[in-house]
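Listed here are the chains, written in short residue letters.
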Amino acid sequence: MQIIRELPSTPETQCVLALGNFDGVHLGHQRLLKSGLEQAAQKGVDLAVLLFEPHPLKLLFPERVIGFLTTQKEQMRLFSEIGVDRVYLVPFTKEMADTSPEGFVRDILVKLGVVHIVVGFNYSFGALGKGTAEDLQRYGQDYGFGVSVLQPQTFEGKVISSTAVRKALLNGDAVQAKKLLGRTYKLVGTVVEGEKRGHDLGYPTANLRIYEDLIIPKRGVYAVWAEIEGRLVHGMMNIGMKPTFHEEYALTVEIHFFDFSGDLYGMELAICCEEKIRDERKFNGLGELKGQLDRDALKVKQVLEGIFRNPIQAVNGH
């Protein structure tokens, strides 16, 4: 898959273009991209995706916490896996933010050589998001390209959306998030040095500094796994403020891996969050905390053994 970081001045090759933010590349996004693949195959052209960097919301509302569902690296991997031929990852500027809907079509989309566009029903574009999917269909008639507008995709009667995935994660429902994403949610970051209290409790942990703007699920203990040095390793993760040790403290993400020993400092890890097993709570001393950690470890192992007993489910989760 080719990643292109600037817009061509004139059309180089024709393409079918998928438009959207594609945060999470969830099941709804996947259906849209597959629709684009079908159109591209019929027309004998490439499927392309147009994205902006930084995300438009980061430029327009810098104070807002967005809570992304994927890193850019993971997003590109998923696009490639689905079959996207090229991604236009172009700079988003205030000038571009002020572009009218027709100017967006004329000065950006037409220059990409689009012969057909696929969008979701709620797609908006142009200054203040005034352009709608219906407007895009009208501009398509004027500028010579077709437009397919996909209606909402649902799962178990609920609309699949990035907002729905975020809501599930903020509620600690990693299982529901997995259903909407079509894979396990990954919390990605770098291992940094922590307080090392886990060693004293018999549960040494890797402290993860989460990459900026990724959404962090609700505080609590989770059954997780990660691929480390080419090996799939199970573990339990705690997201919380360490209330047993601190009255006020910054949020931490710590993972204890079962059957693993080694130096992880500085390593990038993608933690796959399968299921939350309990909320965060304060304990009356180390003895009570240690007893709860023992029970947590047993529960986590049972959850992960159930998931990985089914190889197909495990592969889909990865």
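Named according to an unreviewed UniProt entry, the protein chain is Riboflavin biosynthesis protein originating from Desulfitobacterium dehalogenans. What UniProt states about the protein chain under its Sequence similarities (unreviewed entry) heading is, verbatim, "Belongs to the ribF family."

> How would you sum up the pattern of salt bridges? Please name residues and give values.
Scanning all chains against the criterion turns up 17 salt bridges. A salt bridge links Glu 74 to Lys 186; its shortest N-O distance comes to 3.6 Å. In this pair, Glu 74 is assigned in helix α3 (residues 72-82) and Lys 186 in strand β11 (residues 185-192), connecting sequence segments 112 residues apart. Assigned by exposure class, Glu 74 and Lys 186 land together as buried. Of the charged contacts, one joins Lys 179 and Glu 156 as a salt bridge, the two residues approaching to 3.8 Å between their closest N and O atoms. Placement of Lys 179 in helix α8 (residues 174-181) and of Glu 156 in the loop between β9 (154-155) and β10 (158-159) is noted, with a sequence separation of 23 residues between them. Take Lys 179: its relative accessible area is 33%, and that puts it in the partly exposed class. Residue class for Glu 156 comes out exposed when judged on its relative accessible area of 57%. One salt-bridge network, held together by shared partners, links Glu 74, Arg 77, Glu 81 and Lys 186.

> An account of unusual backbone geometry is requested, with residue identities and associated values reported.
Note: most residues except glycine have negative phi, and most peptide bonds are trans. Each neighbour pair has its own omega, and for Glu 53 with Pro 54 the value is 0 degrees, a cis peptide bond. With respect to the helices and strands, the residue Pro 54 is situated in the loop between β3 (46-53) and α2 (56-60). Notably, Phe 22 is not glycine yet its phi reads approximately 55 degrees, a positive angle. As for its placement among the helices and strands, Phe 22 is situated in the loop between β2 (15-19) and α1 (27-43). A positive phi is found at Glu 156, a non-glycine position, where the angle reads about 50 degrees.

> Which residues make up the packing of helix α5 (residues 101-109) against helix α6 (residues 133-143), and what are the values?
It is the contact of α5 with α6, at a shortest axis distance of 11 Å, that shows an interaxial angle of 50 degrees. By the angle between their axes, α5 is oblique relative to α6. Here α5 runs over α6; the crossing is right-handed. Side by side, α5 and α6 meet where Pro 101, Glu 102, Val 105, Arg 106 and Leu 109 of the first sit next to Leu 136, Tyr 139 and Tyr 143 of the second. Residues belonging to the contact of α5 with α6 are distributed by class as follows: six nonpolar, no polar and two charged.

> So what's going on with the nonpolar core? Which residues, and what values?
In terms of nonpolar packing, the biggest core is built from 35 residues, with Tyr 185, Leu 187, Met 237, Phe 257 and Ile 271 touching the most fellow members. Elements supplying a minimum of two residues to this core: α7 (162-170), α8, β11, β12 (206-210), β13 (220-228), β14 (231-240), β15 (252-257) and β16 (268-279). Each of domain 1 (2-152) and domain 2 (169-309) accounts for three or more of the residues forming this core. In this structure, Phe 257 is in contact with Ala 206, Ala 226, Ile 228, Val 233, His 234, Gly 235, Leu 264, Leu 269 and Ile 271, ignoring residues within four places of it in sequence. If you look at the next biggest cluster of nonpolar residues, it comprises 27 residues, including Ile 4, Phe 92, Ile 108 and Leu 109.

> Give me the environment of Leu 232: which residues, what numbers.
Tracing the sequence through the fold places Leu 232 in strand β14. A relative accessible area of 40% places Leu 232 in the partly exposed class. Along the backbone, Leu 232 and Lys 58 are 174 residues apart, and their C-alpha atoms lie at a distance of 35 Å.

Rules of the game
Residues numbered from 1 in each chain as written. Predicted model: local features only at pLDDT ≥ 70, side-chain atom pairs only at ≥ 80, totals over all residues. Heavy atoms only, no water. UniProt positions renumbered as here; feature names shortened; annotations may be inferred. Salt bridge = Lys/Arg side-chain N within 4 Å of Asp/Glu carboxyl O. Helix = DSSP H or I, 4+ residues; strand = E, 2+ residues; numbered from the N terminus. Buried < 20%, exposed > 50% of the residue type's maximum accessible area, 1.4 Å probe, protein only. Axes fitted to C-alpha atoms, helices over the stretch in contact; angles between N-to-C directions. Parallel < 35°, antiparallel > 145°, perpendicular 65-115°, else oblique. Left-handed = near helix turned anticlockwise from the far one by under 90°. Contact = heavy atoms within 4.5 Å. Nonpolar A, V, L, I, M, F, W, Y, C, P; charged D, E, K, R; others polar. Core = buried A, V, L, I, M, F, W, Y, C linked by side-chain atoms within 4.5 Å. Domains from an automatic or database assignment.

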